[in-house]
Amino acid sequence: MIRKIIVAVLLLGAAALSTAASIEIIEEALELTTEQVSLPSSESGSVGIRRCADCLPERMRLGSATEFRIGKEQVSLAQLRLASRSRGPIYIFFDAREGFVTRIILEAPRRRAERAIP
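Residues numbered from 1 in each chain as written. Predicted model: local features only at pLDDT ≥ 70, side-chain atom pairs only at ≥ 80, totals over all residues. Heavy atoms only, no water.

Among the structural elements, serine 86 can be located in the loop between α2 (77-83) and β6 (89-95). Spatially, the C-alpha atoms of serine 86 and threonine 33 are 10.0 Å apart, while their sequence positions differ by 53 residues. Of note is the side chain of serine 86, whose polar atom sits 3.0 Å from the backbone oxygen of alanine 83. (Helix = DSSP H or I, 4+ residues; strand = E, 2+ residues; numbered from the N terminus. Polar contact = N/O pair within 3.5 Å; in protein donor to acceptor, adjacent residues only side chain to side chain.)

Dropping the structure here:
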């Protein structure tokens, strides 16, 4: 009985390893604050980011289909630039192979009722 359990565990482990080897990362993301990000003035530009206070600045180019969002709502780059003047989290998603930005999501500001602590 114990032998069957050991064989089953080994087979499951082998199956898990073969599945893990087939996973391909296609998109990565950075969680930053609006102070760490400089948005471009046009959709053909690039985003300036600083991952940490001591890190060198980096540039990430926008893709032809880069999406701009505030929360779940898709907006224009101009709307995103205006909203990003307030401090808050911003997420930069980019293609893992090519490095271009696929989407930028500014966390939607919470309303007063959502901020209240019960």
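Don't stop here, the text continues.
For the rest of this paragraph, the subject is the confidence of the model for the protein chain. Confidence in the prediction for the protein chain averages 84 pLDDT; 75% of positions are at 70 or higher. Confidence, expressed as mean pLDDT per element, reaches its minimum in the protein chain at helix α3 (residues 112-115) with 52 and its maximum at strand β7 (residues 101-106) with 97. (pLDDT = per-residue confidence, 0-100.)

Bringing the nonpolar core into the picture now. If you look at the biggest cluster of nonpolar residues, it comprises 19 residues, and the most contacted ones within it are Val37, Val47, Leu80, Ile92 and Ile104. If you list the elements that add at least two residues to this core, you get β1 (27-33), β3 (46-49), β4 (58-70), α2, β6 and β7. Looking at this core, the element that brings in the most residues is β4, giving four residues. With residues up to four places along the chain from it excluded, the contact list for valine 37 reads Leu32, Val47, Gly48, Ile49, Ile90 and Ile92. (Core = buried A, V, L, I, M, F, W, Y, C linked by side-chain atoms within 4.5 Å. Buried < 20%, exposed > 50% of the residue type's maximum accessible area, 1.4 Å probe, protein only. Contact = heavy atoms within 4.5 Å.)

Once that is clear, we can look at the packing of aromatic side chains. Per the counting criterion, the structure on display carries zero aromatic pairs. When the ring centre of phenylalanine 93 is taken as origin, the NZ or CZ atom of arginine 103, which lies over that ring, is 3.9 Å away. (Phe/Tyr/Trp six-rings, centres within 6.5 Å; stacked < 30°, edge-to-face > 60°. Lys NZ or Arg CZ within 6 Å of the ring centre and 35° of its normal.)

A few words on the pairing of β6. Across the seven residues that make up β6, a large majority, five, are buried. Relative to β6, β1 runs antiparallel, the two being bridged by seven bridges. Across the sheet, leucine 30 pairs through a bridge with isoleucine 92, a residue of β6. Once β6 ends, the chain turns through five residues before running back antiparallel as β7, passing glycine 99 with a positive phi of about 85°. (Pairing = 2+ DSSP bridges.)

All right, on to the side chain of threonine 66 then. Assignment of secondary structure puts threonine 66 in strand β4. From its side chain, threonine 66 meets the backbone nitrogen of glycine 63 in a polar contact 2.6 Å long. Polar side-chain contacts of threonine 66 include one of 2.6 Å to the backbone oxygen of valine 101. Apart from residues no more than four positions distant in its own chain, threonine 66 is found in contact with Val101, Thr102 and Arg103.

Before going further, it helps to spend a moment on the state of the cysteines. Here, disulfide denotes a covalent bond that connects the sulfur atoms of two cysteines. One pass over the structure, following the stated rule, counts one disulfide. In this model cysteine 52 forms its disulfide with cysteine 55; the gap between the sulfur atoms is 2.0 Å. Looking along the S-S bond of the cysteine 52-cysteine 55 disulfide, the torsion reads about 95°, which is the right-handed sense. For cysteine 52, a relative accessible area of 31% gives the class partly exposed. Exposure remark for cysteine 55: the relative accessible area of 25% places this residue in the partly exposed category. (Disulfide = S-S within 2.5 Å.)

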